[in-house]
Amino acid sequence: MSIENTRIIEGELSARDVRIACVAARFNGFVVEPLLRGALDALNRHGVTDKQIEIVRVPGAFEIPIVARKLALSRRFDAVIALGAVIRGDTPHFDYVAGECAAGLARVALESAVPVAFGVLTTDTVEQATDRAGGKEGNKGADAALTAIEMVSLLRKLEN
Ligand code: INI
């Protein structure tokens, strides 16, 4: 048995007729807005037009899962991109917000079978966050957008 002779199924970075919802937190907006711009830019560059995208704003990362769930279960979207920034402070608040956001989004994806891309930064410092929102570590919003496109393509292939 070899990989060369085995059928491999993987998604492509172009999904035709995709409808994408971006859920963006207003909390730490100075980080989330560049993530959102990165996501929109990546979607546009891969052929997804503005008409195929809807942006929904929520107060903070903790509120992202319930809105992602509503959007996913509406069946109006092929994928949801979650965008937020949870930056560690001096209290355990970070752990609750970041943990519940991640766990909630994983649950939404599994229960709806709609892919949810996790573009929520969880960092110890502001610098780590800005580095990942268009700084020297790239743009995790753009990465999440590409993941969303690839997952739509992959799930469509697996259905057919
Ligand atoms: N929300 C964030 O998106 N990022 C954070 O870093 C954050 N911190 O640190 O508190 C945060 N808190 C707000 C939270 O998401 C809810 O909006 C709030 O608790 C009301 O439910």
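See the structure shown above.
Residues numbered from 1 in each chain as written. Predicted model: local features only at pLDDT ≥ 70, side-chain atom pairs only at ≥ 80, totals over all residues. Heavy atoms only, no water.

1. Examining the packing of helix H1 (residues 29–45) against helix H5 (residues 140–159)
Next, step 1: For the pair H1 and H5, interaxial distance at closest approach is 6 Å and the crossing angle is 40°. Here H1 is positioned oblique relative to H5, judged by the angle of their axes. Between H1 and H5 lies a crossing of right-handed hand. Along the contact surface, H1 presents Leu35, Gly38, Ala39, Ala42 and Leu43, while H5 presents Lys140, Gly141, Ala142, Ala145, Leu146 and Ile149. (Axes fitted to C-alpha atoms, helices over the stretch in contact; angles between N-to-C directions. Helix = DSSP H or I, 4+ residues; strand = E, 2+ residues; numbered from the N terminus. Parallel < 35°, antiparallel > 145°, perpendicular 65-115°, else oblique. Left-handed = near helix turned anticlockwise from the far one by under 90°. Contact = heavy atoms within 4.5 Å.)

2. With respect to H5
Next, step 1: With 20 residues, H5 should cover 28 Å at 1.5 Å per step; its first-to-last C-alpha distance of 28 Å lies within 8% of that length.
Next, step 2: Considered for burial, the residues of H5 that qualify are Gly141, Ala142, Ala144, Ala145, Ala148, Ile149, Val152, Ser153 and Leu154.
Next, step 3: For H5, the N-terminal cap is Asn139; the gap from its side-chain oxygen to the backbone nitrogen of Gly141 is 2.8 Å. (Expected span 1.5 Å × (residues − 1). Buried < 20%, exposed > 50% of the residue type's maximum accessible area, 1.4 Å probe, protein only. Polar contact = N/O pair within 3.5 Å; in protein donor to acceptor, adjacent residues only side chain to side chain.)

3. A short note on the nonpolar core
Next, step 1: Core analysis: the largest hydrophobic core is formed by 30 residues, its most contacted members being Ile20, Cys22, Val31, Leu43, Ile81 and Leu83.
Next, step 2: Of all the elements in the fold, those that place two or more residues in this core are strand E1 (20–25), H1, strand E3 (79–87), strand E4 (116–123) and H5.
Next, step 3: Tallying contributions element by element places H1 first for this core, with eight residues.
Next, step 4: Apart from the residues lying within four places of it in its own chain, the contact partners of Val31 are Ala85, Ile87, Leu121, Ala129, Thr130 and Ala133.
Next, step 5: Judged by nonpolar contacts, the second largest core, of 23 residues, contains Ala25, Val80, Phe94 and Leu105. (Core = buried A, V, L, I, M, F, W, Y, C linked by side-chain atoms within 4.5 Å.)

4. Looking at the pattern of salt bridges
Next, step 1: Summed over all chains, the structure comprises eleven salt bridges.
Next, step 2: Beyond isolated ion pairs, a larger network of salt bridges with shared partners links Arg19, Asp78 and Arg156. (Salt bridge = Lys/Arg side-chain N within 4 Å of Asp/Glu carboxyl O.)

5. Overview of the pairing of strand E2 (residues 53–58)
Next, step 1: Pairing of E1 with E2 involves six bridges; the strand directions are parallel. Counted as the bridge partner of Ile20 is Ile53 from E2.
Next, step 2: Crossover E1 to E2 through H1 is right-handed. (Pairing = 2+ DSSP bridges. Right-handed = clockwise from strand over helix to strand, strands pointing away.)

6. A closer look at the site of the ligand
Next, step 1: For the ligand, the full set of nearby residues is Phe27, Asn28, Gly60, Ala61, Phe62, Glu63, Ala85, Val86, Ile87, His93 and Val97.
Next, step 2: Within the backbone of Ile87, an N or O atom sits 3.1 Å from an oxygen atom of the ligand.
Next, step 3: Protein chains bury 74% of the 460 Å² of accessible surface belonging to the ligand in isolation.
Next, step 4: Within the residue set of the shell around the ligand, elements represented by two or more residues are E3 and helix H3 (93–112).
Next, step 5: Looking at the shell around the ligand, its residues break down into seven nonpolar, three polar and one charged. (Near = heavy atom within 4 Å. Areas by Shrake-Rupley, 256 points an atom, 1.4 Å probe, with all protein chains shown as cover. Nonpolar A, V, L, I, M, F, W, Y, C, P; charged D, E, K, R; others polar.)

So yeah, pure geometry; function would need other evidence.
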